[in-house]
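# Per-entry structural report
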Amino acid sequence: MTRLSRDDVIKAVDRADDVTIAQIIGTGATVEELAEAQAWLANDEPMINDLRPLAQGRVRELVDILSELEEVDDEEGPASPGSASAVS
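An account of the accompanying structure is given in this report. All values reported here derive from a predicted model rather than from experimental measurement. (Residues numbered from 1 in each chain as written. Predicted model: local features only at pLDDT ≥ 70, side-chain atom pairs only at ≥ 80, totals over all residues. Heavy atoms only, no water.)

Turning to its location among the elements, Ile21 is positioned in helix 2 (residues 18-26). Judged by relative accessible area, which is 3%, Ile21 ranks as buried. With 16 residues separating them along the chain, Ile21 and Ser5 place their C-alpha atoms 9.2 Å apart. Residue contacts for Ile21: discarding those within four places in its chain leaves Arg6, Val9, Ile10 and Ala16. (Helix = DSSP H or I, 4+ residues; strand = E, 2+ residues; numbered from the N terminus. Buried < 20%, exposed > 50% of the residue type's maximum accessible area, 1.4 Å probe, protein only. Contact = heavy atoms within 4.5 Å.)

Let us now look at the environment of Asp64. With respect to the helices and strands, Asp64 occurs in helix 5 (residues 57-76). Residues Asp64 and Ala37, 27 residues apart in the sequence, show an inter-C-alpha distance of 8.9 Å.

Moving on, we come to the side chain of Thr20. Tracing the backbone shows Thr20 in helix 2. Residues contacting Thr20, with those up to four places away along its chain left out, are Ile65 and Leu69.

Okay, helix 2 next. Taken together, the buried positions of helix 2 are occupied by Thr20, Ile21 and Ile24. Down the axis of helix 2, the sector holding all buried residues measures 100°, keeping them to one side. Away from the buried face of helix 2 by more than 90 degrees, exposed residues Asp18, Val19 and Gly26 are located. Downstream of helix 2 by a residue or two, Gly28 has a phi angle that is positive, lying close to 80°. (Arc of directions from axis to C-beta.)

Further remarks concern the pattern of salt bridges. What the rule picks out here adds up to three salt bridges. Between Asp18 and Arg6 there is a salt bridge whose closest N-O contact spans 2.7 Å. Residue Asp18 is located in helix 2, and its partner Arg6 is located in helix 1 (residues 6-12); the two are separated by twelve residues in the primary sequence. Residue classification places Arg6 among the partly exposed positions, given a relative accessible area of 40%. With a closest N to O distance of 2.9 Å, Arg60 and Asp64 form a salt bridge. Here the residue Arg60 and the residue Asp64 both occupy positions in helix 5, the gap between them amounting to four residues, near one helical turn. For Arg60, a relative accessible area of 35% translates into the label partly exposed. The class for Asp64 is partly exposed, based on a relative accessible area of 34%. (Salt bridge = Lys/Arg side-chain N within 4 Å of Asp/Glu carboxyl O.)

Next comes the structure, spelled out in structure tokens:
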């Protein structure tokens, strides 16, 4: 289990900015822990049904960081077709 690299975070969280990437790497988490945090965010019900304990430690930190990122995305909403952010 190796710690996350910048490339690992970019592959897993494509919309992350430099600050968020640094926060994620700063947790000291592994690729597996990031995947677990993403699984919790995607749908926690199956994980609870498997009697897994709620996210703790580094996974909990990652869940918090990623959920903040999702909140920002939700607030911004989809880009309108004519906006600069809609252009690739």
